Amino acid sequence: MIPRPPRSSEPTVAEADAWADVLVRRQLLHAVVLTPTGQWLVQYRPDGPVRVLASPAGVLALAATIQQHTRSTRPESR
């Protein structure tokens, strides 16, 4: 895999919100909620514990981890 260049700016709330929406719609997460304090509450399953992420960067890091895991566990289609 080709490494990506480092980001030139911090992730925004809008970017994190977009990723959260995709992860929930694709049923990779049960819920992702932005709190008034700027923290993000993440729940993998309806009956699972709630994880707290401190910032939009945490949401993007989680999305990257999920994406990497999804790609590494699916069978090759080539």
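For the structure, check the block above.
Residues numbered from 1 in each chain as written. Predicted model: local features only at pLDDT ≥ 70, side-chain atom pairs only at ≥ 80, totals over all residues. Heavy atoms only, no water.

**Thoughts on the environment of Asp17**
Move 1: Relative to the helices and strands, Asp17 is located in helix H1 (residues 13–25).
Move 2: Sequence separation between Asp17 and Val32 is 15 residues, and the spatial gap between their C-alpha atoms is 8.5 Å. (Helix = DSSP H or I, 4+ residues; strand = E, 2+ residues; numbered from the N terminus.)

**Remarks on a nonpolar patch on the surface**
Move 1: On the surface, a cluster of nonpolar side chains totalling about 310 Å² of accessible area is made up of Val33, Leu41, Val50 and Val52.
Move 2: Within the secondary structure layout, Val33 lies in strand S1 (residues 31–34).
Move 3: Classification of Val33 as partly exposed rests on a relative accessible area of 44%. (Patch = residues over 30% accessible without salt bridge, like charges linked within 9 Å, V, L, I, M, F, W, Y side chains within 5 Å. Areas by Shrake-Rupley, 256 points an atom, 1.4 Å probe, with all protein chains shown as cover. Salt bridge = Lys/Arg side-chain N within 4 Å of Asp/Glu carboxyl O. Buried < 20%, exposed > 50% of the residue type's maximum accessible area, 1.4 Å probe, protein only.)

**Topic: H1**
Move 1: Between its first and last C-alpha, H1 extends 18 Å over 13 residues, near the 18 Å set by a 1.5 Å rise per residue.
Move 2: Among all positions of H1, only Ala16, Ala20 and Leu23 are buried. Viewed end-on, H1 has its buried residues packed into an arc of 65°, placing them on one side of the element. The exposed set on the far side of H1, more than 90 degrees from its buried face, consists of Ala14 and Arg25.
Move 3: In the core, the buried residues of H1 are packed alongside S1, strand S2 (40–43) and helix H2 (56–73). (Expected span 1.5 Å × (residues − 1). Arc of directions from axis to C-beta. Contact = heavy atoms within 4.5 Å.)

**Considering the pairing of S2**
Move 1: Judged from the four bridges that link them, S1 and S2 form a sheet pairing that is antiparallel. Residue pairing in the sheet places Val32 in a bridge with Val42 of S2.
Move 2: Linking S1 back to S2 in an antiparallel pair, the connection comprises five residues, with Gly38 at a positive phi of about 95°.
Move 3: The pairing of S2 with strand S3 (residues 50–53) spans four bridges and is antiparallel. Across the sheet, Gln43 pairs through a bridge with Val50, a residue of S3.
Move 4: Hairpin connection between S2 and S3: a loop of six residues separates the two successive antiparallel strands. (Pairing = 2+ DSSP bridges.)

Function cannot be read off these values alone, since they describe shape.
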